Amino acid sequence: MVDGEGKRMNTARLAVFAPVDSTARVEAVVRRLTDAIALGLLTDGEQLPSEAELAAQLGVSTVTLREALMALRQQGLVETRRGRGGGSFVRAPDSLDVGVRLRAYAVDELRDLGDHYAAIAGAAARLAAQRALPSDLAPLRRSLAEMATADWDGRLRRLDGRFRVEVAAASQSARLTQEEIRLQADIGPLLWLSRDERRGHDEMSVRRLLDQHQTLVEAIAAGDGDRARALAERHVQDAMDHLIELRLRLQE
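Sequence positions are assigned chain by chain, starting from 1 and proceeding in written order. Local features in this predicted model are restricted to residues whose pLDDT is 70 or higher, and side-chain atom pairs enter the listing and the counts only when it is 80 or higher, whereas totals over whole chains, interfaces and linings include all residues. Remark: hydrogens and water are excluded; side-chain values derive from all non-hydrogen atoms of the structure.

1. Concerning the overall build of the protein
No. 1: From N to C terminus, the protein includes eleven helices and two strands.
No. 2: Secondary structure follows DSSP: runs of H or I at least 4 residues long count as helices, runs of E at least 2 residues long count as strands, and numbering of each begins at the N terminus. The secondary structure elements of the protein, listed N-terminal to C-terminal, are α-α-α-α-β-β-α-α-α-α-α-α-α.
No. 3: Using a 1.4 Å probe on the protein chains alone, a residue whose accessible area is under 20% of its type maximum counts as buried, one over 50% counts as exposed, and one in between counts as partly exposed. Going through the 252 residues of the protein one by one, you find that 48% of them count as buried.
No. 4: Across the protein, contacts joining residues at least 24 apart in sequence account for 73% of those joining residues at least 6 apart.
No. 5: Element-wise, carbon and sulfur atoms account for 48% of the exposed surface of the protein, whose accessible area totals about 12,400 Å². Whether two residues are in contact is decided by their heavy atoms: any pair within 4.5 Å suffices. Only the protein chains shown count as cover for residues, and the accessible areas themselves come from Shrake-Rupley with a 1.4 Å probe.

2. Some points on the side chain of Ser88
No. 1: Residue placement: Ser88 occurs in strand S2 (residues 87-90).
No. 2: Relative accessible area serves as the criterion here: at 9%, Ser88 is assigned to the buried category.
No. 3: Counted as a polar contact is a pair of N or O atoms within 3.5 Å, where, for protein atoms, one must be capable of donating a hydrogen and the other of accepting one, and residues adjacent in sequence contribute only when both atoms are in side chains. Engagement of the side chain of Ser88 in a polar contact is seen with the side chain of Thr80, the distance being 3.3 Å.

3. What to know about the environment of Ala12
No. 1: Relative to the assigned elements, Ala12 resides in helix H1 (residues 11-16).
No. 2: Ala12 sits in the buried class, given a relative accessible area of 2%.
No. 3: Through-space distance from the C-alpha of Ala12 to that of Gln178 is 8.5 Å; in sequence the pair is 166 residues apart.
No. 4: Discounting chain neighbours no more than four positions away, the residues touching Ala12 are Val165, Glu166, Ala169, Thr177 and Ile181.

4. What to know about the pairing of strand S1 (residues 78-81)
No. 1: By the bridge criterion, four bridges tie S1 to S2 in an arrangement that is antiparallel. Across the sheet, the residue bridging to Thr80 is Ser88, located in S2.
No. 2: Each pair of strands is called paired provided DSSP finds at least two bridges between the two strands. Between S1 and S2, which pair antiparallel one after the other, the connecting turn spans five residues, and Gly83 there sits at a positive phi close to 85°.

5. Describing a negative patch on the surface
No. 1: A surface patch of like charges, here negative, comprises Asp108, Glu109, Asp112 and Asp115.
No. 2: Inspection of the secondary structure puts Asp108 in helix H6 (residues 107-131). Nonpolar side chains (Val, Leu, Ile, Met, Phe, Trp, Tyr) within 5 Å and like charges within 9 Å form the patches, drawn only from residues with over 30% relative accessible area and no salt bridge. By convention in these notes, a salt bridge is any Lys or Arg side-chain nitrogen within 4 Å of a carboxyl oxygen on Asp or Glu. By the counting scheme adopted, Arg and Lys are positive, Glu and Asp are negative, and His together with the chain ends is not counted. The atom standing in for a charge is NZ when the residue is Lys, CZ when it is Arg, CG when it is Asp and CD when it is Glu.

6. Considerations on the pattern of salt bridges
No. 1: In this structure the tally under the stated criterion is eleven salt bridges.
No. 2: A salt bridge links Glu51 to Arg66, with the nearest nitrogen and oxygen atoms 2.7 Å apart. With Glu51 in helix H3 (residues 51-58) and Arg66 in helix H4 (residues 62-74), the pair connects residues that are 15 residues apart, well separated along the chain.
No. 3: Of the charged contacts, one joins Arg207 and Asp211 as a salt bridge, the two residues approaching to 3.5 Å between their closest N and O atoms. Here Arg207 pairs with Asp211, and both are found in helix H10 (residues 202-221), just four residues apart, close to one helical turn.
No. 4: One connected set of salt bridges, linked through shared partners, spans Asp44, Glu79, Arg81 and Arg91.

All quantities given are derived from atomic positions and should not be read as evidence of function.
Here's what the structure looks like:
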């Protein structure tokens, strides 16, 4: 794998290409790759592995993989080129109308989703504190350094999502990492709505976000599982509380 943003074969990317569930495999492959593209784990213009290699990594047949790639092409998320230098390439979407997505959720659904996400994030952070190796902490610190120089929109949002997936990856649990990827793709853009509503000055908001993430990394590095879990849960719950407030205002 080529080094660079979103292209390092770290634990988070290994989770992207881990075998999918045995049922509804076409849908599972589509969902896995769609989520990875939405989070920036697979970057715009990046070439996917060959069909044979990717099918083997995901534990599916080449027929299943081709059906999934066809569905992704229809959604405009993958482009296939023929001939020399050809293959399947990622096409990241330019934008997402998160306001429309937010209106699709009832308040009680958001609250339940927040409870689930906090539980996943908290468990992953606790296990990361217990299991993380120095090599697992390096991607977290690298993401923090990149976030410090990123603008509020676009790249910072993707880096924030990548950071959270890397925390889950440090837990050494493929299932928790995959669930974090799924949740980030589902509600990560929504959680940024709540930050946009209350961000005030960009520089201050970025600093607050970085401080929260830095504190979490310190807890993981110190092996303090209880503190890491509490920090991760509180971060999710605070963002979800603000998102619910925003959803209630949309009903007025």
